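Residues per chain are reported as follows:
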Amino acid sequence: MFAEENGLKGDPRLQHISQSIRVVPHFPKNGIMFQDITTLLLDHKAFKDTVDIFVDRYRDMHISVVAGIEARGFVFGSSVALGIGAKFVPLRKPRKLPGEVIFEKYSLEYGTDCLELHVGAVQPGERAIVIDDLVATGGTLSAGIRLLERAGAEVVECACVIGVPEVKGRCKLLGKPLYVLVEPRQVDQCF
Amino acid sequence: MASKDSKDQDPRIAKISSAIRIIPDFPKPGIMFQDITTLLLDTKAFKDTIDLFVERYRDQNISVVAGVEARGFIFGPPIALAIGAKFVPMRKPKKLPGEVISEEYSLEYGTDKIEMHVGAVQPGERALVIDDLIATGGTLCAAIKLLERVGVNVVECACVIELPELKGREKLGGKSLFILVEGEGA
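Anyway, here's the lowdown on the structure attached to this text. Along each chain, the written sequence defines residue order, and numbers are assigned to residues from 1. Chains carry letters from A onward and ligands carry numbers from 1 onward, assigned in written order. Given that the model is predicted, a residue must reach a pLDDT of at least 70 before its local features are reported, and side-chain atom pairs must reach 80 or more before they are shown or counted; all residues, however, enter totals for whole chains, interfaces and linings. The side-chain figures draw on all heavy atoms in the structure; neither hydrogens nor water molecules are used.

### Quick notes on the pairing of strand E3 (residues 64-68) of chain B
Residues and elements named next belong to chain B. Rules: Accessible area is worked out with a 1.4 Å probe on protein chains only. A residue is then buried under 20% of its type maximum, exposed over 50%, and partly exposed in between. Note on conventions: DSSP H or I runs of at least 4 residues are helices, E runs of at least 2 residues are strands, and numbering of each starts at the N terminus. Pairs of strands are assigned from DSSP output, requiring at least two bridges between the strands.
Of all 5 residues in E3, 5 are buried; the element is thus mostly enclosed. Burial along E3 is two-sided: Val64, Ala66 and Val68 facing one way and Val65 and Gly67 facing the other are all buried. Note: E3 against strand E4 (residues 86-90), 5 bridges, orientation parallel. Paired with glycine 67 across the two strands is proline 89, which belongs to E4.

### What about the sheet that holds strand E3 (residues 65-69) of chain A?
Residues and elements named next belong to chain A. Which entries qualify depends on this criterion: In what follows, a contact means two residues having at least one pair of non-hydrogen atoms within 4.5 Å. Helix axes use the C-alpha atoms of the stretch in contact, all axes being lines fitted to C-alpha atoms, and the angles between their N-to-C directions lie in the range 0 to 180 degrees.
The strand order across the open sheet formed by 6 strands is E4-E3-E7-E8-E10-E9, and the pairing between neighbours is mixed. Edge positions in the sheet fall to strand E4 (87-91) and strand E9 (172-173), since each of these pairs with one other strand and no more. Where strand E8 (residues 154-163) meets strand E10 (residues 176-182), 4 bridges bridge the pair, whose relative direction is parallel. Looking at the pairing, isoleucine 162 lines up with valine 182 of E10. Here helix H1 (residues 12-19) sits on the sheet and contacts E8 and E10; the angle it forms with E10, its principal contact strand, is near 75 degrees.

### A closer look at helix H4 (residues 72-84) of chain A
Given 3.6 residues to a turn, an α-helix orients residues that are three or four positions apart in the same direction. All names here are of chain A. Just so we agree on the cut-off: A helix is expected to span 1.5 Å for every residue after the first.
In this model H4 runs 19 Å from its N-terminal to its C-terminal C-alpha over 13 residues, within 8% of the 18 Å that 1.5 Å per residue would give. Most of H4 sits inside the fold, with 10 of its 13 residues counted as buried. Among all positions in H4, only Gly73, Phe74, Val75, Phe76, Gly77, Ser78, Ser79, Val80, Ala81 and Ile84 are buried. Directly after H4, the chain includes glycine 85, whose backbone phi takes a positive value near 75 degrees.

### Comments concerning the packing of aromatic side chains
Residues and elements named next belong to chain B. Basically, it comes down to this: For this analysis, a ring pair means two rings from Phe, Tyr or Trp (six-membered ring only for Trp) whose centres lie within 6.5 Å, classed as stacked if their planes differ by under 30 degrees, edge-to-face if by over 60, and tilted for the remaining angles.
Tallying each qualifying case throughout the model produces 9 aromatic pairs over all chains. The interplanar angle of 85 degrees and the centroid separation of 5.1 Å between the aromatic rings of phenylalanine 26 and phenylalanine 33 together place this pair among those described as edge-to-face. Accessibility classification places phenylalanine 26 together with phenylalanine 33 in one group, the buried group. Aromatic side chains phenylalanine 73 and phenylalanine 87 sit 5.9 Å apart centroid to centroid with 90 degrees between the ring planes, which places their arrangement in the edge-to-face category.

### Observations concerning the pairing of E3 of chain A
All names here are of chain A. Counted residue by residue, E3 has 5 buried out of 5 residues, so it is predominantly covered. Direction of pairing for E3 relative to strand E7 (residues 127-135): parallel, over a ladder of 4 bridges. Directly across from glycine 68, in E7, lies its bridge partner isoleucine 131.

### Some words on the interface of chain B and chain A
Put simply, an interface is often sized by how much accessible area is lost when its parts join up. Test applied: Salt bridges are defined as contacts in which a side-chain nitrogen from Lys or Arg sits within 4 Å of a carboxyl oxygen from Asp or Glu. Throughout this description, a polar contact denotes any pair of N or O atoms lying within 3.5 Å of each other; where both atoms belong to protein, one of them has to be capable of donating a hydrogen while the other can accept it, and for residues adjacent in sequence the pair is counted only when both atoms sit in side chains. Three residue categories are used. Nonpolar comprises Ala, Val, Leu, Ile, Met, Phe, Trp, Tyr, Cys and Pro, charged comprises Asp, Glu, Lys and Arg, and polar comprises the others, including Gly.
Listed as interface residues are 36 residues of chain B and, on the opposing side, 35 residues of chain A. At the boundary of chain B with chain A, the tally comes to 0 salt bridges. Put simply, chain B and chain A have 8 residue pairs in polar contact (both at pLDDT 80 or more) between them. Elements with a contribution of two residues or more to the side of chain B that touches chain A: strand E1 (21-24), strand E2 (32-35), helix H2 (37-40), helix H3 (43-57), helix H4 (72-83) and E4 of chain B. In terms of residue class, the side of chain B that touches chain A is built from 22 nonpolar, 5 polar and 9 charged.

Take a look at the structure:
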């Protein structure tokens, strides 16, 4: 679901957040309008508002785990974890985590990739959210959900700053709700 | 360093230190890897870590917190948010989508590069560089150079852990280093 449809209709913070995101055409390849959140991170108010919206949503939901997807999920996830008093758990590309891991493969447009989670980071029964900067196909987030569920956690929701309009209609990923702040923009209106 | 003199050591330091897990022989034999992921699982120790940096920097007119990919992305943003600064990611090649400047640095075998977006920082801004750990200092040195090339004043480097045997602090071009705990390199 989009934040606007779920209690934040007309919230001026959402427009400011949307406009602070830079659109970089044809990155990483032709035809892709890349949603660059680095400009949001340069705007202290926009960045703080982004974190505050997630913290306000999750603080009373008894979430004990915030899992962030490498690397842009780290940028938002650790602050949200601190804000709600939860552990921060990085979900990483292969061979980055030094201890024993479980891994989950997922499909890319061409080929596959893999996400890893440290064994013991999450306990059975813990309530978790998964965070990333953007959701498109949902492949990476789905791998994150599967990893946490294999460790026995209950994934309560996935949270993303940006979500493609398609997720409006299908607002669940592997049966888990998706909470998104803004849609991608096609044209650069700032920076 | 926050814990140099044990009689003055901030009481939060001991818990932070014990929350860090040592993984022997990662990524290769002989290396005692300092795993901060266990620190992130200890909500009080993680909060204390951030608080120690925020307390140090909040009144120093810092407008930029630059964090080195990827573990610097975990510690840097909460510090930036708390002190009212922007967060600037320093990334491996080809990750940043816009126009970048880059700085090469030496590895044990070969070289690597870090990149920063053009326009992310302005001349005269006061900056911190953050990473989870300083070993040889190569990455931090490259980050300092990138920021200085565009006219930024790097006030200090801040890391959770230092491996003093590797003398990384001598590679920082005279910049000061603030750390919370010391570890053994190898």
